[in-house]
Amino acid sequence: MRVERVGEGGQPDPVDWVEVPAGVLQRGTRADAIAEVARRYADTGVPEAWYLKEAPRALVRVPAFRISRTQVTVGQWALYAAATGRPVPEAPADHPVIGVAWDEAVAYCRWLGERLGGLEVRLPTEDEWERAARGDDDREFPWGAEYRPGLANLHDLGIGTTTPVGSFPEGASPFGVLDMAGNADEWTSTFYAPYPGAPDEVPLTEDWAFDRHVTRGGAFRHDRDLARCARRHGAYEEDLTAIGVGFRLAAPPA
């Protein structure tokens, strides 16, 4: 579903919404599978403790919602920047905007919602994000159970920067949402906290994070472990451009 918003020069600039139906998310990872996950991605240098945050596996009912098919682009951000006096990154218009702080992403959603006649545009929750990426099963990646090089803009491709949104259509999620792995890491609206019933070793807070909102999906600079649907992480560096943090939109169902 497309909702038209007016761009510069009166030209419509569409938001391509994907309707995600209500359903049950198989969230996270079984606690007894964490050691095997860590072993499988040992070459990335990620300690087992970082994967423990995904445990335990739980069945979570997620109400219907909409999510944007792609990440917010530089061109879309430019309209907001022009209206509010904010800078525009020096990147092609069809690339995801990165270097956006969480509160700026929220401000963009509010601004866009006003332009859409009061639509409740917002960041997706962590559960909504994983539901949009994973669908109805327990797949490890948006496209399926196995990692396949070339389906997402990650470190292994060696590109070293963002690519136009939607450049990897074969890596789409079950609902047809694009770039849920790689290209730009994505803010959610959820503060980090352990899942209910998490192992005792999982920290209650992550005070070392620059921002404690959970990000999902990984960016062009990240290894394949961050492309996993269950992988939870945060913005641990202040330079959000260097680590490739962007965002996508969510809204109530049509």
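Residues numbered from 1 in each chain as written. Predicted model: local features only at pLDDT ≥ 70, side-chain atom pairs only at ≥ 80, totals over all residues. Heavy atoms only, no water.

1. Examining the sheet that holds strand β8 (residues 233-235)
Hydrogen bonds along the backbone pair up the strands of a sheet, which may run parallel or antiparallel. Spatially, β8-β7-β6-β9 is the arrangement adopted by the four strands of the open sheet, whose pairing is mixed. With partners counted over all chains shown, the strands left at the sheet margins are β8 and β9 (245-246), one partner each. Inspection of the sheet shows strand β6 (residues 185-191) paired to β9 by two bridges, in the parallel sense. If you follow D185 over to β9, its bridge partner there is V245. Helix α4 (residues 102-115) rests against β6 and β7 (211-216) of the sheet, and its axis sits at about 90° to β6. (Pairing = 2+ DSSP bridges. Helix = DSSP H or I, 4+ residues; strand = E, 2+ residues; numbered from the N terminus. Contact = heavy atoms within 4.5 Å. Axes fitted to C-alpha atoms, helices over the stretch in contact; angles between N-to-C directions.)

2. Brief notes about the pattern of salt bridges
Enumeration according to the criterion identifies 24 salt bridges in this entry. In this structure, E120 and R122 form a salt bridge, with 3.7 Å as the shortest nitrogen-oxygen distance. Salt-bridge contacts for R248 lead to E186; the nearest nitrogen and oxygen are separated by 2.7 Å. Here R248, found in the loop between β9 and β10 (250-251), pairs with E186, found in strand β6; they are 62 residues apart in sequence, far enough to count as distant. As far as burial versus exposure is concerned, R248 and E186 are alike and both buried. The structure contains a network of salt bridges with shared partners spanning E36, R39, R40, E54, E140 and R228. (Salt bridge = Lys/Arg side-chain N within 4 Å of Asp/Glu carboxyl O. Buried < 20%, exposed > 50% of the residue type's maximum accessible area, 1.4 Å probe, protein only.)

3. Structural notes on the pairing of strand β5 (residues 65-68)
Of the two faces of β5, the one carrying F65 and I67 and the one carrying R66 and S68 are both buried. The sheet contact formed by β5 and β10 spans two bridges and is antiparallel. Looking across to β10, one finds that I67 is bridged to A250.

4. Let's talk about the confidence of the model for the protein chain
Looking at the protein chain, the pLDDT average stands at 92 and 94% of residues meet or exceed 70. The low-confidence segment residues 1-12, where pLDDT is below 50, has 38 contacts with residues more than four positions distant or belonging to other chains. (pLDDT = per-residue confidence, 0-100.)

5. Some details on the nonpolar core
By size, the foremost hydrophobic cluster in this structure holds 27 residues, and its most contacted members are W77, Y108, L112, W187, F247 and L249. Elements represented by at least two residues in this core include exactly β2 (12-20), α3 (74-84) and α4. Setting aside its immediate chain neighbours within four residues, W77 contacts V72, P87, P89, V97, V100, E104, Y108 and F247. In this structure, V46, L154, Y192 and V202 belong to the second largest nonpolar core, which totals 20 residues. (Core = buried A, V, L, I, M, F, W, Y, C linked by side-chain atoms within 4.5 Å.)

6. Digging into α3
For α3, every residue scored as buried is listed here: V74, Q76, W77, L79, Y80 and A81. G85 occupies a position one or two residues after α3 and carries a positive phi of about 75°.

7. Topic: the side chain of T73
Mapped onto the secondary structure, T73 falls in the loop between β5 and α3. Here T73 falls in the buried class, since its relative accessible area comes to 9%. Not counting chain neighbours up to four residues away, the residues in contact with T73 comprise A93, D94, H95, P96, V97 and V165.

8. Description of unusual backbone geometry
The omega torsion across A55 and P56 is 0°, close enough to zero to call that bond cis. Note on placement: P56 falls in the loop between α2 (48-52) and β4 (58-62). We note that D179 has phi near 60°; this positive angle belongs to a residue other than glycine. Structurally, D179 can be placed in the loop between α5 (126-134) and β6. Judged by relative accessible area, which is 5%, D179 ranks as buried.

9. Looking at the packing of α3 against α4
The contact between α3 and α4 brings their axes to 11 Å, and the two run at 85°. Classified by the interaxial angle, the pair formed by α3 and α4 is roughly perpendicular. Here Q76, W77, L79, Y80, A83 and T84 of α3 lie close against α4, whose contacting residues are E104, A107, Y108 and W111. The class makeup of the residues in the contact of α3 with α4 is seven nonpolar, two polar and one charged. (Parallel < 35°, antiparallel > 145°, perpendicular 65-115°, else oblique. Nonpolar A, V, L, I, M, F, W, Y, C, P; charged D, E, K, R; others polar.)

10. Some words on the packing of aromatic side chains
Tallied over the full model, the rule gives ten aromatic pairs. Between W77 and Y108, the ring centres sit 5.7 Å apart and the planes meet at 20°, which makes this aromatic pair stacked. One end of the pair, W77, is in helix α3; the other, Y108, is in helix α4, and 31 residues separate them in sequence. No difference in accessibility class separates W77 from Y108, as the two residues are buried. A relative accessible area of 0% places Y108 in the buried class. Grouping aromatic residues by their ring pairs yields a cluster made of W77, Y80, Y108, W111 and F247. The ring of W17 has R66 lying over it, and the distance from NZ or CZ to the ring centre is 5.4 Å. Over the ring of Y51 we find R231; its NZ or CZ atom is 5.2 Å from the centre of that ring. (Phe/Tyr/Trp six-rings, centres within 6.5 Å; stacked < 30°, edge-to-face > 60°. Lys NZ or Arg CZ within 6 Å of the ring centre and 35° of its normal.)

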